[in-house]
Structures are given as C-alpha cells and as structure tokens.
Amino acid sequence: MNRTHKISFRVSDYERKLVQSKVKKSGIRMSDFCRHAVLGKEIRTFKGLDKCSYELNKIGNNLNQLTVLCHQRAVQNPNLETMQIQLSAVLELIYMALGGDDDGYSQTD
C-alpha cells in the first residue's frame, strides 16, 4: 500500500512517554502502532516468539537450499523428516506462546 500522506498531532510530555512505552512493549514501529490504534485494530504482543521467528527462518533457508539442489539435480528425493520434526517443534512453541494448553486443545470458556 502506498502511504503518501502524513498526519501529525501534539501530545504532552506524559502522553508522549505513555505512547512510547506502549510502542516499546508492542515491538512494532511507532507509525504502525498509531495506525493500528487509530483504525481500531487490536495490538497484541506475545513473549518468546523471537526464537521461533529465528528457527522458522533457518528452516526456510534450508528448504530453499534443498529446492535449489533438487532443481540442479544434485539431490534427488531428499529426506525431509528432520526438517518436519523441527518445524513441528517450532509450531508447538508458537502454539504455547499464543496461549495453547499442553494437550493440543485450546481452552474455551
């Protein structure tokens, strides 16, 4: 989306510190935070997803390298079982960070 318009407004020292604190907690940029807040979008943060993001990136890189090797015919029928196990472990960590319970089912009230 092309964002070409700028909106600015004034705040007190207290309001500025409060907004900056909330932005820091959210882990997103100030402009994204303000845009979400003004447009009524929910801003949710989750602890412990940094490691998951790193692991998913590593798995993606490995898959990309395997794909290149398969296209070059340097590898045929690669065993993806280890990668599948790693991916399952990361997805489980994400599920737990998002509030899932241990038995694989989410809680409903």
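Treat the numbers as computed from the prediction; the structure is a model and nothing was measured.

### With respect to the layout of surface pockets
Logical step 1: Quantified by volume, the largest pocket comes out at close to 680 Å³.
Logical step 2: Secondary structure elements with two or more residues in the lining of the largest pocket: α1 (13–26) and α2 (30–38).
Logical step 3: Broken down by element, the lining of the largest pocket gets its largest block of residues, 5 residues, from α2.
Logical step 4: Partitioned by chemical class, the residues of the lining of the largest pocket number 8 nonpolar, 4 polar and 4 charged.

### Concerning the pattern of salt bridges
Logical step 1: Enumeration over the complete set of coordinates arrives at 3 salt bridges.
Logical step 2: Between D32 and R35 there is a salt bridge whose closest N-O contact spans 2.8 Å. Note that D32 and R35 are positioned in helix α2 at a spacing of 3 residues, about one turn of the helix.
Logical step 3: Look at R35 and you get partly exposed, because its relative accessible area is 26%.
Logical step 4: We note a salt bridge from E55 to K58, for which the minimum N-O separation is 3.9 Å. With E55 and K58 both in helix α3 (residues 49–71) and 3 residues apart, the pair spans about one turn of that helix.

### Looking at the domain arrangement of the protein
Logical step 1: Segmentation of the protein into domains returns domain 1 (9–43) and domain 2 (49–98).
Logical step 2: One C-alpha centre belongs to domain 1, the other to domain 2, and the line joining them spans 35 Å.

### Here's the deal with a nonpolar patch on the surface
Logical step 1: A contiguous nonpolar surface patch, about 360 Å² in accessible area, is contributed by I7, F9 and V11.
Logical step 2: Mapped onto the fold, F9 is located in the segment before α1.

Rules and cut-offs
- Positions within a chain are numbered from 1, following the residues in the order the chain's sequence is written.
- Per-residue local features of the predicted model are confined to residues with pLDDT of at least 70, and side-chain atom pairs are confined, for both listing and counting, to 80 or more; whole-chain, interface and lining totals are unaffected and use all residues.
- For the side-chain quantities, the full set of heavy atoms in the structure was used; hydrogens and water were omitted.
- Detection works on a 1 Å grid of protein atoms alone, calling trapped sets that fit a 1.4 Å probe cavities and calling open sets with protein on both sides within 12 Å along at least five of seven lines pockets, with lining residues defined by an atom within 4 Å of a point.
- Grid points are joined across faces, edges and corners, and a volume is the space filled by probe spheres set on the points.
- Secondary structure is summarised from DSSP: a helix means a run of H or I of at least four residues, a strand means a run of E of at least two, and numbering begins at the N terminus for each.
- Side-chain classes follow a simple rule in which Ala, Val, Leu, Ile, Met, Phe, Trp, Tyr, Cys and Pro form the nonpolar group, Asp, Glu, Lys and Arg form the charged group, and the remainder, Gly included, forms the polar group.
- One speaks of a salt bridge when a side-chain nitrogen belonging to Lys or Arg is within 4 Å of a carboxyl oxygen belonging to Asp or Glu.
- The classification of residues rests on relative accessible area computed with a 1.4 Å probe and restricted to protein chains. Under 20% of the type maximum is buried, over 50% is exposed, and intermediate values are partly exposed.
- Domain limits in this description derive from either an automatic procedure or a database domain assignment.
- The patch calculation keeps residues exceeding 30% relative accessible area without a salt bridge and links them within 9 Å when they carry like charges or within 5 Å when they are nonpolar (Val, Leu, Ile, Met, Phe, Trp, Tyr).
- Only the protein chains shown count as covering a residue, and every accessible area follows the Shrake-Rupley method with a 1.4 Å probe.

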